[in-house]
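# Notes for the structure review
Spelled out, the chains give:
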Amino acid sequence: MADDWLVQGPTDPHEVADHYDDWAARYDADLATWSYRAPVAVAERVRAHHPDAGTLLDAGCGTGLVGRALRASGFGGRIVGLDVSQASLRVAERAGVYDELRPADLQQPLDVADDSVDALVCVGVMTYLPDVDAVWREFARVVRPGGLVVVTQREDLWQPRDCPGVVDRLAADGVWTPIDVSGPAAYLPEAEGELGGLGCYYVTARVGSA
Ligand SMILES: C[S@@+](CC[C@H](N)C(=O)[O-])C[C@H]1O[C@@H](n2cnc3c(N)ncnc32)[C@H](O)[C@@H]1O
């Protein structure tokens, strides 16, 4: 696994898909070695802020770590996973915690109806999605008013991609109401080198105006 590839963070969906296809079989073991805690932290936020959510979209589900964390936290609703890496989706399928898994490029409009899910989570994926404003608006579009969006963003991309500005702009536009913006927290604390020093922000927002 080339750690420098992760630090560099390419955004071409074909390149990203190839990389995650190659990594899929070893991804869960590597992330466990690096003490990746974001899936559990996001599951906790979903359970705390939308305990009754019946349908959840996991945008960039990868091999299914977030779905597994949600089930372990007691989430009993429907979980739909989307990802550009087919090999990762096959690993997620074997986990047996998703009700539906579909290939999708999150840099394109989602093939998901407006206001159709109670919650959307996107964990460890924004590295690869440079147009933060467009992506977060698209996430909010598919979530019912009053529903929840929880996304993570790496600390080193938080300011360069103007994530604080996007959080505020979406609030000003009545797209969402932030509940909590926290970070930076340790992201991959046991990884070696630059990767191990990365922090992560968590954005939790309720869709619609307050
Ligand atoms: C670090 S992994 C995170 C996977 C999972 N959410 C987790 O927390 O373990 C990043 C994931 O984003 C997916 N991804 C990156 N760019 C994407 C895009 N444009 N559309 C859909 N998925 C994408 C990758 O295929 C990969 O599965």
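So, a few notes on the structure that sits alongside this text. (Residues numbered from 1 in each chain as written. Predicted model: local features only at pLDDT ≥ 70, side-chain atom pairs only at ≥ 80, totals over all residues. Heavy atoms only, no water.)

### Considering empty space enclosed by the protein
The condition is simple: Only protein atoms enter the 1 Å grid used here. Points where a 1.4 Å probe fits but cannot escape make up a cavity, open sets with protein on both sides within 12 Å along at least five of seven lines make up a pocket, and a residue lines them when an atom lies within 4 Å of a point. Grid points are joined across faces, edges and corners, and a volume is the space filled by probe spheres set on the points. Elements are defined by DSSP. Helices are runs of H or I of four residues or more, strands are runs of E of two residues or more, and each kind is numbered from the N terminus. Charged means Asp, Glu, Lys or Arg here, nonpolar means Ala, Val, Leu, Ile, Met, Phe, Trp, Tyr, Cys or Pro, and polar covers whatever is left, Gly included.
If you walk through the whole model with that rule in mind, you get 1 cavity of 30 Å³ or more. Of the volumes computed, that of the largest cavity is approximately 490 Å³. Around the largest cavity, the lining is made up of 36 residues, and of these Tyr20, Gly60, Gly124, Val125 and Tyr128 lie nearest the centre. Residue assignment for the lining of the largest cavity shows that the elements contributing at least two residues are helix 2 (13–33) and helix 4 (65–72). Ranked by the residues each element gives to the lining of the largest cavity, the list is headed by helix 2, at 6 residues. Considered class by class, the residues forming the lining of the largest cavity number 23 nonpolar, 10 polar and 3 charged.

### Here's the deal with the sheet that holds strand 5 (residues 143–154)
The criterion, for reference: In this scheme, strands are said to pair when DSSP sees at least two bridges between them. Lines are fitted to the C-alpha atoms to define the axes, a helix being fitted only along its stretch in contact, and any angle between axes, read from their N-to-C directions, falls within 0 to 180 degrees.
Pairing within the open sheet is mixed, and its 7 strands lie in the order 3-2-1-4-5-7-6. With one partner strand each, in any of the chains shown, strand 3 (100–103) and strand 6 (176–186) form the two edges of the open sheet. Each strand of the sheet is rotated relative to its neighbour by a mean of 15°, with strand direction disregarded. Inspection of the sheet shows strand 1 (residues 55–59) paired to strand 2 (residues 78–83) by 5 bridges, in the parallel sense.

### With respect to the site of the ligand
The condition that has to hold: Any residue with a heavy atom positioned within 4 Å of a molecule or strand is treated as near that molecule or strand. Here the Shrake-Rupley method, with its probe set to 1.4 Å, supplies the accessible areas, and only the displayed protein chains count as covering residues. Placement in a cavity or pocket follows one criterion, namely that more than half of the molecule's atoms lie within 2 Å of its grid points.
Around the ligand sit 21 residues in total, of which Tyr27, Tyr36, Gly60, Asp83 and Val123 are the nearest. Protein contacts shield 98% of the accessible area of the ligand, which totals 590 Å² for the unbound molecule. For the ligand, the cavity whose grid points lie within 2 Å of the majority of its atoms is the largest cavity. Contributions of two or more residues to the shell around the ligand are made by helix 2 and helix 4. In terms of residue count, the dominant contributor to the shell around the ligand is helix 2 (3 residues).

### A few points about the side chain of Thr63
Applicable threshold: Using a 1.4 Å probe on the protein chains alone, a residue whose accessible area is under 20% of its type maximum counts as buried, one over 50% counts as exposed, and one in between counts as partly exposed. Residue contacts are defined here by distance: any two heavy atoms, one from each residue, within 4.5 Å place the two residues in contact.
Among the secondary structure elements, Thr63 is positioned in the loop between strand 1 and helix 4. For Thr63, a relative accessible area of 2% translates into the label buried. In contact with Thr63, not counting residues within four places along its chain, are Ala24, Tyr27, Asp28, Arg68, Ser88, Val91 and Ala92.

### Some words on the nonpolar core
Defined as follows: Within this scheme, the nonpolar core is defined by two criteria: the residues are buried Ala, Val, Leu, Ile, Met, Phe, Trp, Tyr or Cys, and they are joined through side-chain atoms within 4.5 Å.
In this structure, Tyr36, Val46, Leu56, Leu70, Val121 and Leu188 are the most contacted members of the largest nonpolar core, which totals 38 residues. Contributing elements (two or more residues each) for this core: helix 2, helix 3 (38–49), helix 4, helix 5 (86–95), strand 4 (117–122), strand 5 and strand 7 (199–207). Ignoring any residue separated from it by four or fewer positions in sequence, one finds Val46 in contact with Pro51, Leu56, Leu70, Phe75, Val121, Leu148 and Val150. Residues Val112, Leu129, Val166 and Leu170 belong to the second largest nonpolar core, which totals 33 residues.

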